[in-house]
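As a plain string of letters, each chain reads:
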Amino acid sequence: MATKTAIERANERSAKRQEPGAMSEFRGNAMGKWTEFTSFLSDVRAEMRKVVTPSRKEVEVTTGVVIVAVFIFGAFFFVTDWVFRVGINDLLSKLGGMQ
């Protein structure tokens, strides 16, 4: 039968063998990064399968909406700019800033 000290020494040796070295840490880290990367790529592939190309009719309708919205906002900012320009000019002329 093995003595108590022999058993303890055997346990110490097996514990020392299990300690990771620099290369095993590098391999483990590299493999972990590779696993993360492949998981990311599979997630991208799954999301790309969900993408739907719009029909020609949908593209025409949304393009029309965008063009109308651009003209509406353009008109709004034109009027707003005009109101502020007239107001500032009147204010400055009354204060004697513009002769």
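So, a few notes on the structure that sits alongside this text. (Residues numbered from 1 in each chain as written. Predicted model: local features only at pLDDT ≥ 70, side-chain atom pairs only at ≥ 80, totals over all residues. Heavy atoms only, no water.)

## Brief notes about the pattern of salt bridges
Move 1: Counted under the stated rule, the structure contains 3 salt bridges.
Move 2: One salt bridge in this structure joins Glu 47 and Lys 50, with 3.2 Å as the shortest N-O distance. Of this pair, Glu 47 and Lys 50 both sit in helix 2 (residues 22-50), 3 residues apart, which is roughly one turn of that helix.
Move 3: A salt bridge links Arg 56 to Glu 60, with the nearest nitrogen and oxygen atoms 3.3 Å apart. Here the residue Arg 56 and the residue Glu 60 both occupy positions in helix 3 (residues 56-95), the gap between them amounting to 4 residues, near one helical turn. (Salt bridge = Lys/Arg side-chain N within 4 Å of Asp/Glu carboxyl O. Helix = DSSP H or I, 4+ residues; strand = E, 2+ residues; numbered from the N terminus.)

## Observations regarding helix 3
Move 1: With 40 residues, helix 3 extends 58 Å from end C-alpha to end C-alpha; this agrees with the ideal 58 Å at 1.5 Å per step.
Move 2: Once helix 3 ends, the next one or two residues include Gly 96, with phi positive near 85°. (Expected span 1.5 Å × (residues − 1).)

## Points about the packing of aromatic side chains
The relative placement of two aromatic rings is captured by the distance of their centres and the angle of their planes.
Move 1: Tallied over the full model, the rule gives 2 aromatic pairs.
Move 2: Each ring, one from Trp 34 and one from Phe 37, has its centre 5.9 Å from the other, and the planes form 40°; the classification is tilted. Residue Trp 34 and its partner Phe 37 are located together in helix 2, separated by 3 residues, close to a single helical turn.
Move 3: Note on Phe 76 and Phe 77: the rings are 5.1 Å apart at their centroids and 65° apart in plane angle, and the pair reads as edge-to-face.
Move 4: Since its relative accessible area comes to 48%, Phe 76 is described here as partly exposed.
Move 5: You can call Phe 77 exposed: its relative accessible area is 52%. (Phe/Tyr/Trp six-rings, centres within 6.5 Å; stacked < 30°, edge-to-face > 60°. Buried < 20%, exposed > 50% of the residue type's maximum accessible area, 1.4 Å probe, protein only.)

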